[in-house]
Amino acid sequence: MDKRVKFDFEVYFTNGGSLKGEDFRLDINGDTISDTELADYIIQDLRLLMAGKVNILNKEIFEEAHKRKVAPAETATEQLIDLSHTIENGLVTYKGLPAPIICDYLSRADSRSYYDEGTEFQIGKIEMVSNTGTYIDCPFHRYEHGKDTAEMDLKAFVDLDAVVIRVPYRNGLAITDQQLKNREIRNRAVLIHTGWDSHWNTEAYYENHPYLTAAAATYLVECGVKLVGIDSHNIDDTSGRSRPVHSTLLGSEILIVEHLCHLDLLPDDNFTFTAAPPKFKGVGTFPVRAFAKLKKDVAG
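Please read these numbers as outputs of a predicted model, since none were measured by experiment. (Residues numbered from 1 in each chain as written. Predicted model: local features only at pLDDT ≥ 70, side-chain atom pairs only at ≥ 80, totals over all residues. Heavy atoms only, no water.)

## Description of the nonpolar core
The condition is simple: Definition used in this section: a nonpolar core is a set of buried Ala, Val, Leu, Ile, Met, Phe, Trp, Tyr and Cys residues joined via side-chain atoms within 4.5 Å. Here's how the labels work: a residue is buried when its accessible area is under 20% of the maximum for its type, exposed when over 50%, partly exposed in between, all with a 1.4 Å probe on protein chains only. What counts as a helix is a DSSP run of H or I of at least four residues, what counts as a strand is a run of E of at least two, and both are numbered from the N terminus. A contact between two residues is defined here by any heavy atoms of the two lying within 4.5 Å.
Formed by 25 residues in total, the largest nonpolar core has its most connected members in Leu83, Leu191, Leu227, Leu266 and Phe273. When contributions to this core are tallied by element, the ones reaching two or more residues are β8 (160-166), β10 (189-193), β13 (255-258), β14 (271-274) and β16 (291-294). Aside from chain neighbours lying at most four places away, what touches leucine 191 is Leu83, Val163, Val164, Ile165, Leu227, Gly229, Leu260, Leu263, Leu266, Phe271 and Phe273. Core analysis: the second largest hydrophobic core is formed by 23 residues, Val163, Ala217, Leu220 and Ile254 among them.

## Regarding helix α4 (residues 244-251)
Side chains three or four residues apart in an α-helix point the same way, a direct result of the helix having 3.6 residues per turn. For α4, the set of buried residues is Val245, His246, Ser247, Leu249 and Leu250. For α4, the elements touching its buried residues are β7 (135-137), β11 (211-212), α3 (214-222), β12 (227-230) and β13. Residue glutamate 253 follows α4 closely and has a positive phi angle near 55°.

## Some details on the packing of aromatic side chains
Here is the rule: Under the pairing criterion, centres of Phe, Tyr and Trp rings, with the six-membered ring standing for Trp, must be within 6.5 Å; the plane angle then separates stacked pairs below 30 degrees from edge-to-face pairs above 60, leaving the rest tilted. For a ring to carry a charge above it, either NZ of a lysine or CZ of an arginine must fall within 6 Å of the ring centroid while also lying within 35 degrees of the normal to the ring plane.
All told, the structure shown has 9 aromatic pairs when counted by the stated rule. Look at phenylalanine 280 and phenylalanine 286: their rings are 4.9 Å apart centre to centre, the planes differ by 35°, and that puts the pair in the tilted class. Since its relative accessible area comes to 16%, phenylalanine 286 is described here as buried. A connected cluster of aromatic rings, assembled from ring pairs, spans Phe7, Phe9 and Phe24. A cation over an aromatic ring shows up here: arginine 142 above the ring of tyrosine 143, its NZ or CZ 4.5 Å from the ring centre.

Read these as spatial facts, not as claims about activity.
As structure tokens, then:
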């Protein structure tokens, strides 16, 4: 059955004044809607400016046929998809590198002696190598005089137009330049979806993984891509000692993101990609919260 919500609202404006409404009715998808979603909808639908505090009162959800096309809040049309693995204590990302140690520097119990009764805080302590979880490689990772995470322009990490190229690992581990052709990739982030993230945190993840060939890296440079990501253990073939893909891409200031996940949830294009590390001097690799933002005509 179609569901509707009836509610009263109060909107207080940051420059003074207020707006109130009673028995406002809205068609909704599903069986519930939060007060925050309703507040966002009211502000958007009434095109209110300078809105501050919003109170939703006397909310009631009931069954009734929809009166118009359901118009969800703006936040529902801008979908974010997390493409990062969770980092936790003891996680092994790369065989041979130490797992992170995540613990309390100041526990909540110990903090109570510093504050009034009922007030407590936790301060965490993290010890890890920079190649942990889903991480980004900057030129300094490969080249002594390359740019580190602090020297890269912020726009190199944020809201990059992106595409997904799907090369299932079951069809072969070596990803060639031929498999990257016939796609619009110039000035875009290119995310390689192999499905290898299904092996994450297992012994199978570390061996015989998908990788790009040297020719594929050269092709990506020639096409002028901005960033290359992969949902695999390494973008290079780790069975040998050379790393031609890292060398070629980072030598051209094309960033690399390894250990992505959930690329199967993305469309082939029409989205943006963000993977921003902290601003560290002297560090060429660092974990990121990588995510995609689907454009409104896809998410809506």
